[in-house]
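What follows is each chain in one-letter form.
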Amino acid sequence: MTGTKELIEQLHISHHLSHAQWCTLLETHAPNDDRLLTDLARETAQAQFGKKIYIRGLIEFTNYCKNDCYYCGIRRSNRHAQRYRLSQEDILACCKEGYTLGFRTFVLQGGEDVGIPDAMLCRMIAAIKQLYPDCAVTLSVGEREHAVYQSFFDAGADRFLLRHETANDVHYRTLHPAPLSLEHRKACLWDLKSIGFQVGAGFMVGSPGQTYETIAEDLLFLQELQPHMVGIGPFLPHCETPFRDYPAGSVETTLFLLSCVRLMLPHVLLPATTALGSASANGREQGILAGANVVMPNLSPLSVRKKYMLYDNKICTGDESAQAVAHLKQSLAAIGYELSADRGDSPLMQAQKKES
Ligand code: 5AD
C-alpha cells in the first residue's frame, strides 16, 4: 500500500489522486504528513501569487431565503431571524466605502430572495459596474434558470459563487430538503461556467453525514469542474436549525483540506473563509499559511451584520470596514503577507483572455 507521504508527493506532482487514494490519505494522515502537506501547499500558493492576498468586499444584501437547508441560520423556517433587504442606495454606499478602502471586487451575497426581481438585481449590477468599471462584481445568490444567469452576466457580473455543498447524493439529501437536488446544483454550476462566469464551488467540513468517502467525492467533483475558486469552511451549528446539536467541523481538517485543494488545483483562488475565522481566533491566518490566498471582509452595514447569521458566533466585530481592513493588514503583516491592490481575477481566466 502507498504511504501517506507518497500520496502527498503524488498529489504535488500529478495534481490527482483516485477516490481510494483520497480516502487513504484522509483516514491515515499523521502530524508529520500534515507538515509536509502544508509546506508544499504554502510553497505552491506563493509560487502562484507571491505573498499577496486578494481581498473581496462581502455585501450581505438580503437574508430572505425561500430554501430550508437544515444547516443554515437564514433558512425559511427560522422564524426568529429578523429579515432585511438592502436598497440599491445602501449597496452603493457599501461599494463607495469599499472602493475608498481599496476593494476592487464586490461580492453581493444573499439568500434566494423571491422579493428581489431578477431585473432589479441586473440594474444593481449595472449600476455598480457603471460607477466602478475597474471592479469585479461577484454574485452569490443561489440557484437560478440559465436565462437568468445569462441576464446577470449580460448586466456585467463577472463571477458567481455557488458551493456544491456535497457531491454525494445521499449526503446532499441529509443537508437539504426537497425540492433541492444535487443534480440541479451541479447543472447550475455547469451553466455558470458555460456562460463565462468565473465560478466558485465548495463545501463545509464536518457537516452532518459527511464521511471520508463523501469528501473524496467532493475533491473529485472539484477536479472535474475546475472552478476558479473553492470555498471551504467548517460546519458551525446554528441554534435555530435542526442541526443545532451537531458538533462543529474541525479547524485542523479544514486546514488539511485547504492544502489538499491547493495541491490539486494550484491556480485556484482559495479563500480563508469567515467560518474558519469564526471557528478559531487566528483561523484566517492559519488558512493562508495552509495555502489560501483570498480573504473576504464584510462590507455590510453594521446594522445588518448580526442578522446575517448563517451559524452561531459568526464574526461580526463592531469594527467599521476601515478598522477591519487596518486590522487585516496588521495580521497579514505579522505572518509576512500583504494585501494585493489587484482585483484578483482567476489566473485561468487571465490566461484565456490573453489567448482570445
Ligand atoms: N456553518 C458553516 N457554513 C455554513 N454555510 C451556511 N450555513 C453554514 C453553517 N451552519 C455556508 C454554506 C453556504 C455559504 C454561503 O455558507 O456552505 O454555501
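Structural data are supplied above this passage.
Residues numbered from 1 in each chain as written. Predicted model: local features only at pLDDT ≥ 70, side-chain atom pairs only at ≥ 80, totals over all residues. Heavy atoms only, no water.

(A) Spotlight on the environment of Q130. Locating Q130 in the fold gives a position in helix α5 (residues 118-131). Sequence spacing of Q130 and A81 is 49 residues, and the spatial spacing of their C-alpha atoms is 34 Å. (Helix = DSSP H or I, 4+ residues; strand = E, 2+ residues; numbered from the N terminus.)

(B) Structural context of the sheet that holds strand β2 (residues 57-62). The strand order across the open sheet built from 6 strands is β2-β3-β4-β5-β6-β7, with neighbouring strands paired in parallel fashion. The open sheet has two free edges, formed respectively by β2 and β7 (229-234), since each of these has just one partner strand. Here the strands of the sheet are splayed against their neighbours by 20° on average, with no regard to which way each runs. In terms of strand pairing, strand β5 (residues 159-161) meets strand β6 (residues 198-205) through 3 bridges, oriented parallel. Paired with L161 across the bridge in β6 is G200. The sheet strands contacting helix α8 (residues 182-195) are β5 and β6, and the helix crosses β6 at an angle near 155°. (Pairing = 2+ DSSP bridges. Axes fitted to C-alpha atoms, helices over the stretch in contact; angles between N-to-C directions. Contact = heavy atoms within 4.5 Å.)

(C) The pattern of salt bridges, seen in detail. For the structure shown, the criterion picks out 15 salt bridges. K314 is the partner of E60 in a salt bridge, and the nearest nitrogen-oxygen pair spans 2.9 Å. With a gap of 254 residues between them, E60 in strand β2 and K314 in the loop between α13 (302-305) and α14 (321-334) connect regions that are remote in the sequence. On the basis of relative accessible area, E60 is assigned to the buried category, the value being 1%. (Salt bridge = Lys/Arg side-chain N within 4 Å of Asp/Glu carboxyl O. Buried < 20%, exposed > 50% of the residue type's maximum accessible area, 1.4 Å probe, protein only.)

(D) Spatial organisation of the sheet that holds strand β1 (residues 52-55). Strand order in the open sheet formed by 3 strands is β8-β1-β9, with parallel pairing between adjacent strands. Only two strands of the sheet have a single partner each, and these edge strands are β8 (294-295) and β9 (338-339). With 2 bridges joining them, β1 and β9 adopt parallel strand pairing. Its bridge partner being in β9, K52 is matched across the sheet by E338.

(E) Representation of the nonpolar core in the model. Ranked by internal contacts, the top residues of the largest apolar core, which has 97 residues, are I59, I128 and F152. For this core, the leading source of residues is helix α10 (residues 251-264), giving 9 residues. Setting aside residues no more than four positions away along its own chain, F152 makes contact with D118, L121, C122, I125, L139, V141, R144, A157, F160 and F197. Among the nonpolar cores identified, the runner-up in size contains 9 residues, and L58, L161, L269 and V294 belong to it. (Core = buried A, V, L, I, M, F, W, Y, C linked by side-chain atoms within 4.5 Å.)

(F) Representation of the site of the ligand in the model. Close contacts around the ligand come from Y71, C72, Q109, R163, E165, M204, P234, F235, L236, L310 and Y311, and that covers them all. The separation between a nitrogen atom of the ligand and a polar main-chain atom of Y71 is 2.9 Å. When isolated, the ligand has an accessible area of 410 Å², and the protein chains bury 87% of it. (Near = heavy atom within 4 Å. Polar contact = N/O pair within 3.5 Å; in protein donor to acceptor, adjacent residues only side chain to side chain. Areas by Shrake-Rupley, 256 points an atom, 1.4 Å probe, with all protein chains shown as cover.)

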